[in-house]
Amino acid sequence: MKKKSFIVAVVLVCVVLSSSHLESVAAQGSADCIDACTTGCVNQDQRLAARCNRKCSIKCDPAGQV
């Protein structure tokens, strides 16, 4: 019985630690999205590069506003 309660306690600690990590990742999500998206915007034409960057800001903005 003591071994089962120890295993349950370890699982609960793992869940708490992983949930706090997920909250910090969600807060950084928008910046990571914009960084990943704009990396694909490599273009010699400034107009097309600006268009791609604008699309990335619309796609990655969590509030839907820029």
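Residues numbered from 1 in each chain as written. Predicted model: local features only at pLDDT ≥ 70, side-chain atom pairs only at ≥ 80, totals over all residues. Heavy atoms only, no water.

A.B. asks: Explanation requested: the overall build of the protein chain in the structure shown.
C.D. replies: Across its full length, the protein chain holds 3 helices and 0 strands. Reading the secondary structure of the protein chain in the N-to-C direction produces α-α-α. Looking at the protein chain as a whole, 8% of its 66 residues qualify as buried. Accessible surface computed for the protein chain: about 5600 Å², of which carbon and sulfur atoms make up 64%. (Helix = DSSP H or I, 4+ residues; strand = E, 2+ residues; numbered from the N terminus. Buried < 20%, exposed > 50% of the residue type's maximum accessible area, 1.4 Å probe, protein only. Areas by Shrake-Rupley, 256 points an atom, 1.4 Å probe, with all protein chains shown as cover.)

A.B. asks: Explanation requested: the state of the cysteines in the structure shown.
C.D. replies: According to the stated counting rule, one finds 3 disulfides in the structure shown. Across the disulfide from C41 sits C52; the S-S distance is 2.0 Å. Its torsion about the S-S bond being -70°, the disulfide of C41 and C52 is classed as left-handed. Placement of C41 in the loop between α2 (29-39) and α3 (46-60) and of C52 in helix α3 is noted, with a sequence separation of 11 residues between them. Residue C41 is classed as buried on the basis of its relative accessible area, which comes to 7%. Its relative accessible area of 23% is what places C52 among the partly exposed residues. (Disulfide = S-S within 2.5 Å.)

A.B. asks: Please explain the confidence of the model for the protein chain as it appears in this structure.
C.D. replies: Detailed reading of predicted coordinates is not advised where the pLDDT is low. Mean pLDDT over the protein chain stands at 76; residues scoring 70 or higher make up 67%. Predicted confidence in the protein chain is weakest over helix α1 (residues 2-27), with a mean pLDDT of 68, and strongest over α3, with 90. Note on residues 22-27: pLDDT under 50 across the span, and 0 contacts to partners over four residues away in sequence or across chains. (pLDDT = per-residue confidence, 0-100. Contact = heavy atoms within 4.5 Å.)

A.B. asks: Can you walk me through a nonpolar patch on the surface in this structure?
C.D. replies: Together, F6, I7, V10 and V11 line one region of the surface with nonpolar side chains, adding up to about 380 Å² of accessible area. Relative to the assigned elements, I7 resides in helix α1. Since its relative accessible area comes to 47%, I7 is described here as partly exposed. (Patch = residues over 30% accessible without salt bridge, like charges linked within 9 Å, V, L, I, M, F, W, Y side chains within 5 Å. Salt bridge = Lys/Arg side-chain N within 4 Å of Asp/Glu carboxyl O.)

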